[in-house]
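What follows is each chain in one-letter form.
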Amino acid sequence: MDNRYMPEGSLIGTEQNREVFSSRLSLYRAIEERTVAEGKAFLCDRDMNLHVSTPIGNGIIPKEEIAYGEDGVPAKDIAVITKVGKPVSFVIKGYDGRTLLLSRREAQKRCYEEYVSRLLPGDVRQARVTHLEPFGAFLDVGCGYPALMSVDSISVSRISHPSDRLSEGDLIRCAIRSIDRQTRRVFASQRELYGTWEENASRFSPGQTVRGIIRSVEPYGIFVELAPNLAGLAEIKPPFDPESDPVGRFASVYIKSILPQRMKIKLVLIEVLERASFPPEAEYFVREETDHIDVWRYSPEGAAKSVLTDFGK
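Residues numbered from 1 in each chain as written. Predicted model: local features only at pLDDT ≥ 70, side-chain atom pairs only at ≥ 80, totals over all residues. Heavy atoms only, no water.

### Considerations on the nonpolar core
Which entries qualify depends on this criterion: We call a set of buried residues a nonpolar core when its members are Ala, Val, Leu, Ile, Met, Phe, Trp, Tyr or Cys and they connect through side-chain atoms within 4.5 Å of each other. Buried, partly exposed and exposed residues are distinguished by accessible area as a fraction of the type maximum, computed with a 1.4 Å probe on protein chains only: under 20%, between the cut-offs, and over 50%, respectively. The numbering of helices and of strands both runs from the N terminus, where a helix is a DSSP run of H or I of at least 4 residues and a strand a run of E of at least 2. Contacts are residue-level and defined by heavy atoms, with any inter-residue pair within 4.5 Å sufficient.
Formed by 30 residues in total, the largest nonpolar core has its most connected members in Val 116, Leu 139 and Leu 166. Sorting the residues of this core by element identifies helix H4 (104–114), strand S6 (124–133), strand S7 (136–140), strand S8 (146–150), strand S9 (171–180) and strand S10 (185–189) as the ones contributing at least two each. Counting residues per element, this core draws most heavily on S9, which supplies four residues. Residues in contact with Leu 166, not counting those within four places in the same chain, are Val 129, Leu 132, Ala 137, Met 149, Ile 154, Ile 172, Gln 190 and Pro 279. By size, the runner-up hydrophobic cluster in this structure holds 29 residues, among which are Val 124, Val 210, Met 263 and Val 307.

Structure below.
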């Protein structure tokens, strides 16, 4: 795919980007053709204009040209400030021989019209995590164009906050869940890429002792995540203290049984270990060349409960 419409930071070091700034002729051609390019933001001034360095000199993105939205509302101050030190996409609108006039808004508009608007539910694409909120993760799906991945779409295994799975700046793969054509809002999902119950469970066997992460403590047991799409239940037994705030800590657990028809794994808690200081590395179960999913069934055939995602609905 054309790097112009990849998440910000994908274009800046490419020959394609260097060509834009290689000569005055190339620069004026880029202005005429509204070519998307990238540079690194190094300053946000008191008027919330963003200053950007490029191989041919510095440029300015006025505040009203920072982000694209149907309502035309300028970007919030915090959204401008957090771009400092990072690559930003833009279209070059003018050059006076010293300073480039840039528009990130125009780059995002092109990205939406020529790329995002053509995506279909189930399309699998790269995205970059831009920031995290308790309700979900915001992603850059191209030129900084935002998408929201709700916390329940991140994985099957329940997490209390997106930071349990993701970090800001992560380059991830995600599936397009839906696009609201009126508001131009994009919604994404990642749980469909982390494998089915059977694919995850096949990596474990009764009798093994393995490491997991405690995700919740309920009156009837402790949920321990073995993989992003697989968790087991351990009984609460002394000397375990449910008041000890174990959520988010690693634990060693003994696998007592694996029950595919009920999608359950019974565990015995051996020991609570150190707290997880960063999200564990997750593995995708889709091939690198997979660019679309129609239907994803998490539950095993014949399971009492059916869990699936039909992107066509």
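### Thoughts on the sheet that holds S6
Rules: Between any two strands, at least two bridges found by DSSP are needed for them to pair. Axis definition: a line fitted to C-alpha atoms, limited for helices to the stretch in contact. Angles are taken between N-to-C directions and run from 0 to 180 degrees.
Sheet architecture is closed into a barrel: five strands sit in the order S6-S7-S8-S10-S9, paired in mixed fashion. The mean angle between the axes of side-by-side strands here comes to 50 degrees, regardless of whether they run parallel or antiparallel. When S7 meets S8, the two strands line up antiparallel, connected through five bridges. Along S8, the bridge assignment pairs Leu 139 with Ala 147.

### Points about the pattern of salt bridges
The criterion, for reference: Salt bridge, as used here: a side-chain nitrogen of Lys or Arg that lies within 4 Å of a carboxyl oxygen of Asp or Glu.
Counting across every chain of the model gives 15 salt bridges. A salt bridge links Glu 113 to Lys 109; the nearest nitrogen and oxygen atoms lie 2.7 Å apart. With Glu 113 and Lys 109 both in helix H4, this residue pair falls four residues apart, about one helical turn. Asp 245 is the partner of Arg 275 in a salt bridge, and the nearest nitrogen-oxygen pair spans 3.6 Å. Taken together, the residues span a long stretch of sequence, with Arg 275 in strand S15 (residues 264–275) and Asp 245 in the loop between strand S13 (230–234) and strand S14 (249–259) at a distance of 30 residues. Members of the salt-bridge network, linked through shared partners, are Asp 164, Arg 165, Arg 215 and Glu 225.

### Remarks on the environment of Phe 135
Among the secondary structure elements, Phe 135 is positioned in the loop between S6 and S7. As for Phe 135 and Thr 99, which are separated by 36 residues in sequence, their C-alpha atoms are 41 Å apart. Residues in contact with Phe 135, not counting those within four places in the same chain, are Leu 148, Ser 150 and Val 151.

### Topic: unusual backbone geometry
Omega for the peptide link from Pro 238 to Pro 239 comes to 10 degrees, which places this bond in the cis form. You can see Pro 239 is positioned in the loop between S13 and S14. For Arg 34, which is not a glycine, the phi torsion comes out positive at approximately 55 degrees. Here Arg 34 is to be found in the loop between helix H2 (24–33) and strand S1 (36–44). We note that Cys 143 has phi near 55 degrees; this positive angle belongs to a residue other than glycine. Relative to the helices and strands, Cys 143 is located in the loop between S7 and S8. Judged by its relative accessible area of 0%, Cys 143 is buried.

### Here's the deal with the pairing of strand S4 (residues 87–95)
Taken across its nine residues, S4 has seven buried, putting it largely inside the fold. As paired strands, S1 and S4 are joined by five bridges and run antiparallel to one another. The residue bridging Val 36 from the neighbouring strand is Val 91, located in S4. Across four bridges, the pairing between S4 and strand S5 (residues 100–103) is antiparallel. The partner of Gly 94 across the bridge, within S5, is Leu 101.

### Overview of the side chain of Asp 140
Condition: For the charge count, each Lys or Arg is scored as positive and each Asp or Glu as negative, with His and the chain ends excluded. Polar contacts, as counted here, are pairs of nitrogen or oxygen atoms within 3.5 Å of one another; within protein the pair requires one atom able to donate a hydrogen and one able to accept it, and residues that are adjacent in sequence qualify only if both atoms are side-chain atoms.
Within the element layout of this structure, Asp 140 appears in strand S7. Notably, Asp 140 is buried but unbridged: the nearest opposite-charge side chain belongs to Arg 128, and the N-O separation is 5.4 Å. At a separation of 2.9 Å, a polar atom in the side chain of Asp 140 contacts the main-chain amide nitrogen of Gly 144. Residues contacting Asp 140, with those up to four places away along its chain left out, are Pro 7, Glu 8, Ala 127, Arg 128, Thr 130 and Tyr 145.

None of the figures reported here should be taken as evidence of function without further support.
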